[in-house]
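# Close look at the chain arrangement
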Amino acid sequence: MAHPATLPLLLRQLKLASMARHWQAVLAQAERHGWDGARYLSALCEQELADRDSRRTARYAKDAHLPAGKSLARFDFAAVPTLARGPLEALASSGDWTRQAHNVLLFGPSGVGKTHLAAAIGHGLTEQGVRVRFTATTVLVQQLQLARGQLRLEDALDKLDKYAVLILDDFGYVKKSEQETQVLFELIAHRYERTSLIITSNQPFADWDRIFPDQIMTVAAIDRLVHHASIIEVSSDSYRRKQALDRLAATPAPTAAPPTGLPA
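For clarity, every value in this text was computed on a predicted model and none was experimentally measured.

### A closer look at the packing of aromatic side chains
What the rule picks out here adds up to seven aromatic pairs. Ring plane angle 70° and centroid distance 4.9 Å describe the contact between phenylalanine 75 and phenylalanine 77, whose orientation is recorded as edge-to-face. Grouping aromatic residues by their ring pairs yields a cluster made of Phe107, Phe171, Phe205, Trp208 and Phe212.

Pasting the structure below:
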């Protein structure tokens, strides 16, 4: 029979790092409360699972590349009175919709907070254990174009499948060229009914012929995106412009210097 002194070594060999750190503290607690062996073992297992969940969440948050500080609590809903908070909180607090490969499409003019909302949903999902990746659409398109030139586009698309949710920011800024729009369409088609997309766009569907040069491709892309989707309109004056004006109004006017040569 193994000696208790070997327990830390055995736990490390079994890659039970949390148990190896906490077994003595939990044992002391078990002795104080008169737990039997099964109760003690259950408490150790719960500690191991909790620590693994915490490490996984931290790893997912780092890998997501989400803009820092973007949460629904920090979003100024008063500046966008037509925007309902409830559906956004539901999207951020539960990953059920991602397991059904649904999409979220955020539309509105520049500066109204679409990126903030997309990132806030992403942060909420990572806390739920959902793997998310945030990227500017133009950056990802360039990466996929490079992969296509190296004859490994399918591999690149497959690698993105590890993210249950891919956030494509500023979708409308993709250049209208056959090379860029073709890989973008292939990304949409590849993820259709398999994994989820969150898209922010300053262009409504009616103007997407500015993105896709071919009308058939435009219709096919929209059809795949909206088939299972929540569509959110963010309509207000530019949020960034309003913040800039508020800062300007709060800045004291400079005091004029007295004319040179005259006493102050």
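The rest of the description comes next.
### Digging into the nonpolar core
Counting residues in hydrophobic clusters, the biggest one holds 30 residues, and the most contacted among them are Leu144, Leu168, Phe171, Leu184, Leu187, Trp208 and Phe212. Only strand 1 (103-107), helix 7 (137-149), helix 8 (153-160), strand 3 (165-169), helix 9 (178-191), strand 4 (196-201) and helix 10 (215-226) provide two or more residues apiece to this core. With residues near it in sequence (within four places) discarded, phenylalanine 171 still touches Thr137, Leu184, Ile188, Ile199, Thr200, Ser201, Trp208, Ile211 and Phe212. Within the second largest apolar cluster, 29 residues are counted, among which are Leu66, Val80, Ala118 and Ile167.

### A few points about unusual backbone geometry
Negative phi is the rule for most residues except glycine; trans is the rule for most peptide bonds. Despite not being glycine, leucine 151 has its phi angle at roughly 60°, a positive value. Of note, leucine 151 is situated in the loop between helix 7 and helix 8. Positive phi, normally seen in glycine, also occurs at aspartate 170, with a value near 55°. Its relative accessible area of 32% is what places aspartate 170 among the partly exposed residues.

### Some points on the side chain of threonine 98
Checked against the element boundaries, threonine 98 lands in helix 5 (residues 96-99). Apart from residues no more than four positions distant in its own chain, threonine 98 is found in contact with Leu125, Val130, Val165 and Ser196.

### Quick word on the packing of helix 2 (residues 17-33) against helix 3 (residues 37-64)
Each pair of packed helices can be summarised by the angle the axes make with each other and by the distance between the axes. It is the contact of helix 2 with helix 3, at a shortest axis distance of 9 Å, that shows an interaxial angle of 140°. With respect to helix 3, the element helix 2 is oriented oblique. Crossing of helix 2 over helix 3 shows right-handed handedness. On helix 3, the residues touching Ala17, Ser18, Met19, Arg21, His22, Trp23, Val26, Leu27 and Ala30 of helix 2 are Tyr40, Ala43, Leu44, Cys45, Gln47, Glu48, Asp51 and Arg55.

Rules behind the numbers
Residues numbered from 1 in each chain as written. Predicted model: local features only at pLDDT ≥ 70, side-chain atom pairs only at ≥ 80, totals over all residues. Heavy atoms only, no water. Phe/Tyr/Trp six-rings, centres within 6.5 Å; stacked < 30°, edge-to-face > 60°. Core = buried A, V, L, I, M, F, W, Y, C linked by side-chain atoms within 4.5 Å. Buried < 20%, exposed > 50% of the residue type's maximum accessible area, 1.4 Å probe, protein only. Helix = DSSP H or I, 4+ residues; strand = E, 2+ residues; numbered from the N terminus. Contact = heavy atoms within 4.5 Å. Axes fitted to C-alpha atoms, helices over the stretch in contact; angles between N-to-C directions. Parallel < 35°, antiparallel > 145°, perpendicular 65-115°, else oblique. Left-handed = near helix turned anticlockwise from the far one by under 90°.

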